[in-house]
Amino acid sequence: MSHIISKIRKRKRKDEQVGYEDDDDDDNNDDECYDSSGNESPRPSSSSEEGGGGKKKDLNGIITSLLLLEEQEKGDQDAQKKASAEEKSFFEANHRNKKKTMLEYYSNIQDYYAEVQETERVKRKKSRSLATSVAAITAIAADDSLQAEKQAKQGTGGAGSGQHRRLWVKDRSKAWWDECNRPDYPEEEFKKWFRMRRQTFDMICEELNSVIAKEDTTLRNAIPVRQRVAVCIWRLATGEPLRLVSKRFGLGISTCHKLVLEVCTAIRSVLMPKYLQWPDDDALRKIKDEFEVISGIPNVVGSMYTTHVPIIAPKISVAAYFNKRHTERNQKTSYSITVQGVVNPNGAFTDVCIGWPGSMPDDQVLEKSALYQRASGGLLKGVWIVGGSGYPLMDWVLVPYTQQHLTWTQHAFNEKIGEIQRVSKDAFARLKGRWCCLQKRTEVKLQDLPVVLGACCVLHNICEMMNEELDPELAFDLVDDEMVPEVALRSVSSMKTRDSIAHNLLHHGLAGTAFL
C-alpha cells in the first residue's frame, strides 16, 4: 500500500506543476482577450477545465483515505507489538515464579522427610530400649521364680516338678534356609537366589558382622548374621513380597521387614564409604585412559545416567512424584523417584544421587546433587563427565549435539560419545536386572527407600568388583525418556571445546562410519 501511495503522491505533484503552467497561460491569454473597440471580451468557459478540477478533488480524497489507512495500520502494528511484549514478559515472570515455588517446595519435602526419618529413628530407639528393659525385668522375675521353686523343693523334700516360664514364639519352618546354608549346597543354585557366589556372600557377612550381630537372651536366641544378610539380599534380588520372605526363612513378616532395613542401613553406613566413593587422583588417571581407549575423547572421568524407580502413590505431594512421560508411554498412571549415577569404565558407581521426585527432569536432578556442588567448587575442573541429551552442556558436563541437520563432524562426535553413554546405561540395566525390587513398586516406605536403593548400588559395585556375572535370563531392557533442557547451553567455552573435540575425532581417524 505504501508503494501505491508514493506513486499517487508523485502523480499529484506532477498534476500541480501542470496546473501552475495552465494558470500562466491563462494570464497571458487574458491580455489578448479584447475586441476591436478596445473593450475586454469575456473568456469562453471550457468543459475540459471543469472536468480536470473534479478529478483533482477525487484524487485528493483517495490520497487522504490511503494515508489514514496507512496510519491506522501502523498504529495497529505498534499496539500488537506492545501487547506481544507485555504477554512475553508476563509469561517469563510467571515461569520464574513457578520454578522458584517448585524448588522451594522440593526443599520443604526433603526437610519434612528428614524430620520424619529422625522421628522414626528416635521411636525405634525408644522401642528397643523399652523391649530390652522388659526383657531384663522378665529375666530377673524368671530367676527369682526359679530360686523360689528351688527353695520350695528343698523345703518339701523335692516334691513336685518345677515349670520354667518362657516367651511363646510361633514355630515356623526354616527348612529352605537351612538347605541353602549347607556347605554342600550347589553354587549355581546359591547364585540364582542371591545373585552372587558364596565367597562374595561370606565376605559381606564378615564386613557387617560387627554392626548387625545380636546376642542371645534368656527369652530367645538371636537371628544369626548370615540369615540376617540372606533375608535382605534375597528380598532385594527377587523383589518378592514380605509374606513370601517370611515363609522362606521361617521368620515373622515384621521381623523380615525390620531385618531388610537394618541390613540396608548397615550396608550404606559401613560398605558405601569403602565400595562406592569418588576416585582418587591415581584412579582418575586410569579412568581417563580407559575412556579414551573406548571413545578417543580425552579427560573423561565418568559416564552419567538418570533412571526412575517406580513407587506406590505417596500420601503427600502426589503431583511431585507423578511421572508424566512414563504414564503417557505406558498408558498407566506412574509415580517414581530418581536415581542419578556416575560410573567408571567397568560399570561400577562412583557417585549416586537418590530420592528426588520423578516429575523433575534430569538437569534439575543434577543441580540438586552433591556432584554439582563439588563441580561448582572447582573439584571437576579440566575433566568431563559424559551425559545424555537430558543434561545441559557445561564446563564439566559433555553432551551430544541435539539440533537437527547435523554435520558429518557432529555425527561422528555423537557416535563416539554414545559409546561412553552406553557404559552407564548398561550399568543401570545390570543394576535393575540383578536387584528386581527396582523393577516394580515396593512395599518400602518412601522415606526409607533411599537407604534401600543406596544398598542396591553398593551391592552392585561389590558384584562388579568380584566379577559376578549376571544371568542372561535376568537381562533388563532399560527405558528412560530424556527431555532436552530449556537451557541446553550453559557455557560458550564448552561449546567451542566440544567442536574442537569433534573436529579432532573426525580428522584424525578416531571416529567411526556408522553415521554414513
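Definitions and cut-offs
Residues numbered from 1 in each chain as written. Predicted model: local features only at pLDDT ≥ 70, side-chain atom pairs only at ≥ 80, totals over all residues. Heavy atoms only, no water. UniProt positions renumbered as here; feature names shortened; annotations may be inferred. Helix = DSSP H or I, 4+ residues; strand = E, 2+ residues; numbered from the N terminus. Buried < 20%, exposed > 50% of the residue type's maximum accessible area, 1.4 Å probe, protein only. Contact = heavy atoms within 4.5 Å. Areas by Shrake-Rupley, 256 points an atom, 1.4 Å probe, with all protein chains shown as cover. 1 Å grid on protein atoms, 1.4 Å probe; cavity = no way out; pocket = protein on both sides within 12 Å on 5 of 7 lines; lining within 4 Å. Points joined across faces, edges and corners; volume = space filled by probe spheres on them. Nonpolar A, V, L, I, M, F, W, Y, C, P; charged D, E, K, R; others polar. Axes fitted to C-alpha atoms, helices over the stretch in contact; angles between N-to-C directions. Parallel < 35°, antiparallel > 145°, perpendicular 65-115°, else oblique. Left-handed = near helix turned anticlockwise from the far one by under 90°. Expected span 1.5 Å × (residues − 1). Bend = angle between axes of the 7 residues up to and from the residue. Pairing = 2+ DSSP bridges. Phe/Tyr/Trp six-rings, centres within 6.5 Å; stacked < 30°, edge-to-face > 60°. Lys NZ or Arg CZ within 6 Å of the ring centre and 35° of its normal. Domains from an automatic or database assignment. Patch = residues over 30% accessible without salt bridge, like charges linked within 9 Å, V, L, I, M, F, W, Y side chains within 5 Å. Salt bridge = Lys/Arg side-chain N within 4 Å of Asp/Glu carboxyl O. Lys, Arg positive; Asp, Glu negative; His and termini not counted. Charge placed at Lys NZ, Arg CZ, Asp CG, Glu CD.

An unreviewed UniProt entry lists the chain under the name DDE Tnp4 domain-containing protein, from Citrus x changshan-huyou. Within the UniProt record for the chain, the comment given under Sequence similarities (unreviewed entry) is "Belongs to the HARBI1 family." One UniProt comment on the chain, placed under Subcellular location (unreviewed entry), says "Nucleus".

**A word on the overall build of the chain**
When its secondary structure is counted, the chain shows 16 helices and 5 strands. Here the chain, with 516 residues, has 38% of them falling under the buried criterion. Across the chain, the fraction of contacts at a sequence separation of at least 24, relative to all contacts at a separation of at least 6, is 71%. Taken as a whole, the chain presents about 30600 Å² of accessible surface, with 51% of it coming from carbon and sulfur.

**Things to note about the layout of surface pockets**
Its boundaries defined by the atoms lining it, the second largest pocket holds a volume of some 620 Å³. Taken together, 22 residues line the second largest pocket, and the ones lying closest to its centre are Met102, Ser359, Pro361, Gln364 and Glu486. Contributing elements (two or more residues each) for the lining of the second largest pocket: helix H2 (47-155), helix H11 (324-330) and helix H12 (362-368). Of the residues forming the lining of the second largest pocket, the biggest block, 5 residues, is contributed by H2. Of the residues in the lining of the second largest pocket, the class split is 9 nonpolar, 5 polar and 8 charged.

**With respect to the packing of helix H8 (residues 253-275) against helix H15 (residues 449-465)**
Taken N-terminus to C-terminus, the directions of H8 and H15 make an angle of 50°; their axes are 8 Å apart at the nearest point. Taken together, the axes of H8 and H15 are oblique relative to one another. Judged by the sense of rotation from one axis to the other, the crossing of H8 with H15 is left-handed. Within the contact between the two elements, H8 uses Leu261, Cys264, Thr265, Ile267, Arg268, Leu271, Met272 and Tyr275 and H15 uses Pro450, Val451, Val452, Gly454, Ala455, Val458, Leu459, Asn461, Ile462 and Met465. By residue class, the composition of the contact of H8 with H15 is 14 nonpolar, 3 polar and 1 charged.

**What to know about helix H14 (residues 408-434)**
Taking 1.5 Å as the rise per residue, H14 with 27 residues should run 39 Å; its terminal C-alpha atoms sit 39 Å apart, in good agreement. Along H14, the largest kink reaches about 25° and is centred on Ile420. Within H14, 19 of the 27 residues are buried, leaving the element largely enclosed by the surrounding structure.

**Some details on the sheet that holds strand E1 (residues 300-310)**
Strand order in this open sheet of 5 strands is E3-E2-E1-E4-E5, and the pairing throughout is mixed. Of all the strands in the sheet, just strand E3 (349-357) and strand E5 (397-398) have a single pairing partner and so form its edges. Summarising the sheet, strand E4 (residues 384-386) and E5 pair through 2 bridges and their orientation is parallel. What sits directly across from Val386, in E5, is Leu398.

**Examining the packing of aromatic side chains**
Tallying each qualifying case throughout the model produces 18 aromatic pairs. Both rings, one in Trp176 and one in Phe194, keep their centres 6.4 Å apart while their planes meet at 40°; by these two values the pair is tilted. Taken together, the residues span a long stretch of sequence, with Trp176 in helix H3 (residues 175-180) and Phe194 in helix H4 (residues 187-194) at a distance of 18 residues. No difference in accessibility class separates Trp176 from Phe194, as the two residues are buried. The structure contains a cluster of three or more aromatic residues connected by ring pairs, namely Trp176, Trp177, Phe190, Trp193, Phe194, Phe201, Trp234 and Phe249. Note that Lys192 overlies the ring of Trp193, its terminal NZ or CZ placed 5.3 Å from the centroid. It is Arg248 that lies over the ring of Trp193; its NZ or CZ is 4.8 Å from the centre.

**What to know about empty space enclosed by the protein**
Enumeration over the complete set of coordinates arrives at 3 cavities of 30 Å³ or more. In this structure, the largest cavity spans a volume of roughly 70 Å³. Forming the boundary of the largest cavity are 13 residues, of which Cys437, Thr442, Val444, Leu449 and Val452 lie nearest the centre. Broken down by element, the lining of the largest cavity gets its largest block of residues, 3 residues, from H15. Of the residues assigned to the lining of the largest cavity, the class counts are 10 nonpolar, 1 polar and 2 charged. Two domains each put at least three residues into the lining of the largest cavity: domain 1 (174-274) and domain 2 (276-508).

**Quick look at a positive patch on the surface**
Residues Lys123, Arg124, Lys125, Arg128, Lys214, Lys258, Lys315 and Lys445 make up a contiguous surface patch of positive charge. Mapping Lys445 onto the fold places it in the loop between H14 and H15.

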